[in-house]
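This is what each chain is made of:
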Amino acid sequence: MKKKKIPLRKCIACGENKPKKELIRIVRKNDSDIEVDLTGKVNGRGAYICADLNCLNTIKKTKKLGKALECEIPSEVYDELFKIISCNKQE
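The structure reproduced in this document is the subject of the present report. (Residues numbered from 1 in each chain as written. Predicted model: local features only at pLDDT ≥ 70, side-chain atom pairs only at ≥ 80, totals over all residues. Heavy atoms only, no water.)

The tally for this structure, following the rule as stated, stands at zero disulfides. Looking at Cys 14, it has no disulfide partner, and the nearest cysteine sulfur is the one in Cys 50, 3.6 Å off. Take Cys 14: its relative accessible area is 37%, and that puts it in the partly exposed class. For the unlinked cysteine Cys 71, the closest cysteine sulfur is that of Cys 11, found at 18 Å. (Disulfide = S-S within 2.5 Å. Buried < 20%, exposed > 50% of the residue type's maximum accessible area, 1.4 Å probe, protein only.)

Turning our attention to the sheet that holds strand β3 (residues 23-29). In spatial order, the strands read β4-β3-β5; together these three strands make up an open sheet with antiparallel pairing. Of all strands in the sheet, those bounded by a partner on one side alone are β4 (33-37) and β5 (45-50). Between one strand axis and the next, the sheet turns through 25° on average, direction left out of account. Relative to β5, β3 runs antiparallel, the two being bridged by six bridges. (Pairing = 2+ DSSP bridges. Helix = DSSP H or I, 4+ residues; strand = E, 2+ residues; numbered from the N terminus. Axes fitted to C-alpha atoms, helices over the stretch in contact; angles between N-to-C directions.)

A separate point is the pattern of salt bridges. Using the criterion set out here, one finds five salt bridges in the structure. A salt bridge links Arg 28 to Glu 70, with the nearest nitrogen and oxygen atoms 3.8 Å apart. Here Glu 70 lies in the loop between α2 (64-69) and α3 (75-90) and Arg 28 lies in strand β3, a separation of 42 residues in the sequence. Residue Arg 28 is classed as buried on the basis of its relative accessible area of 16%. Bridged by salt links that share partners, the residues Arg 28, Arg 45 and Glu 70 form one connected network. (Salt bridge = Lys/Arg side-chain N within 4 Å of Asp/Glu carboxyl O.)

Attention now moves to the pairing of β3. In terms of burial, β3 is largely enclosed, as six of its seven residues are buried. Relative to β4, β3 runs antiparallel, the two sharing five bridges. Bridged to Arg 25 within β4 is Asp 37. In sequence, β3 turns back onto β4 through a hairpin of three residues, with Asn 30 there showing a positive phi of about 55°.

If you look at the biggest cluster of nonpolar residues, it comprises 23 residues, and the most contacted ones within it are Ile 26, Ile 49, Ile 59, Leu 65, Leu 69, Ile 73 and Leu 81. With sequence-adjacent residues up to four places away left out, Ile 73 is seen in contact with Ile 34, Leu 65, Gly 66 and Tyr 78. (Core = buried A, V, L, I, M, F, W, Y, C linked by side-chain atoms within 4.5 Å. Contact = heavy atoms within 4.5 Å.)

Okay, structure coming up:
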């Protein structure tokens, strides 16, 4: 019996390859509509980060998320990511 292949994605902050389900996807839809995609199925250009505050701080300081999505990232997106990561840590 074949084993099912687990899709891996790379975190843009730390560069680690992890299973897709462990990462948070941020998507650029249209020209500048940025959205946090927890399902991993929204159409658009996507970038992944670990559910870790260190990775969030890294992408905020270095603006790697803006470079990956090729647009300016509003502060609301970072706030939403912070809430999501904080909730994951408490569980």
